[in-house]
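# Examining the three-dimensional arrangement
Here is what each chain is made of, one letter per residue.
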Amino acid sequence: MRADDHYAFGHNVVRRDGDIVFFEHLRIEAVGERAVFFAYPAGQGPTTFTESTRTDATITFENPDHDDPQVISYARQGAALTASVSLLDGSRLRQWTYFACPTNP
């Protein structure tokens, strides 16, 4: 979800057998010339990740001092958005792909 004041907000909920086993709130905002990703896992935080690279279709954030993940990346291709998290060396890679929902007429 995107707000009009140059912030992007989101949330993540993981369910197992109908129970919520993990949740987090997310915020991306412009801080100077770079974007900063603020993660609030399980309501704790924030843990911050600073933009390291950006193209028209991708953005990557890094925090080498965090245990895991240290890298958070988003890549857009058409209606798909792929989120990736890993350690700095690329290990422990996890990815999720989301597709835009059609709007209701």
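What you see as residue numbers is a count from 1 along each chain, following the sequence as written. Selection of residues for local features in this predicted model requires a pLDDT of at least 70, selection of side-chain atom pairs for listing and counting requires 80 or more, and totals for whole chains, interfaces and linings are taken over all residues. Excluded from the side-chain calculations are hydrogens and water; all other atoms, namely the structure's heavy atoms, are used.

## With respect to unusual backbone geometry
The line we're drawing: For helices the rule is a DSSP run of H or I covering at least 4 residues; for strands it is a run of E covering at least 2, with both sets numbered from the N terminus onward.
Here the residue pair Gly45 and Pro46 is connected by a cis peptide bond, since its omega of 10 degrees sits within 30 degrees of zero. Within the secondary structure layout, Pro46 lies in the loop between β3 (34–41) and β4 (47–54).

## Re the pairing of strand β7 (residues 80–86)
Applicable threshold: The classification of residues rests on relative accessible area computed with a 1.4 Å probe and restricted to protein chains. Under 20% of the type maximum is buried, over 50% is exposed, and intermediate values are partly exposed. A pair of strands counts as paired when DSSP detects no fewer than two bridges linking them.
Most of β7 sits inside the fold, with five of its seven residues counted as buried. Pairing of strand β6 (residues 71–77) with β7, which is carried by seven bridges, proceeds in the antiparallel orientation. Counted as the bridge partner of Tyr74 is Ala83 from β7. In terms of strand pairing, β7 meets strand β8 (residues 94–99) through six bridges, oriented antiparallel. The partner of Ala80 across the bridge, within β8, is Phe99.

## So, the pairing of strand β2 (residues 19–31)
Summarising the sheet, strand β1 (residues 7–16) and β2 pair through ten bridges and their orientation is antiparallel. Residue pairing in the sheet places Arg16 in a bridge with Asp19 of β2. Between β1 and β2, which follow one another and run antiparallel, lie two residues, and Asp17 among them has a positive phi close to 55 degrees. The pairing of β2 with β3 spans eight bridges and is antiparallel. Looking across to β3, one finds that Leu26 is bridged to Ala39.

## Concerning the side chain of Ser84
As a reminder of what qualifies: Any pair of nitrogen or oxygen atoms within 3.5 Å is treated as a polar contact; in protein, a donor-acceptor pairing is required on top of that, and neighbouring residues in sequence qualify only through side-chain atoms on both sides.
Mapped onto the elements, Ser84 comes out in strand β7. At a separation of 3.0 Å, a polar atom in the side chain of Ser84 contacts the side chain of Gln95.

## Regarding the pattern of salt bridges
Which entries qualify depends on this criterion: Salt bridges, as used here, are contacts in which a Lys or Arg side-chain nitrogen is within 4 Å of a carboxyl oxygen on Asp or Glu.
Scanning the model with the defined rule gives four salt bridges in all. Taking the shortest distance from any N to any O, the salt bridge between Arg92 and Asp68 comes out at 2.6 Å. Linking Arg92 in the loop between β7 and β8 with Asp68 in the loop between β5 (58–62) and β6, this pair joins segments that are 24 residues apart in sequence. Three or more residues joined by partner-sharing salt bridges are found here, namely Asp68, Arg92 and Arg94.

## A word on the side chain of Thr47
Spelled out, the test is: Note on definitions: a residue-residue contact is assigned when non-hydrogen atoms from the two residues lie within 4.5 Å.
Structurally, Thr47 is set in strand β4. Contact partners of Thr47, with chain neighbours within four places excluded, come to Phe37, Phe38, Ala39, Asn63 and His66.

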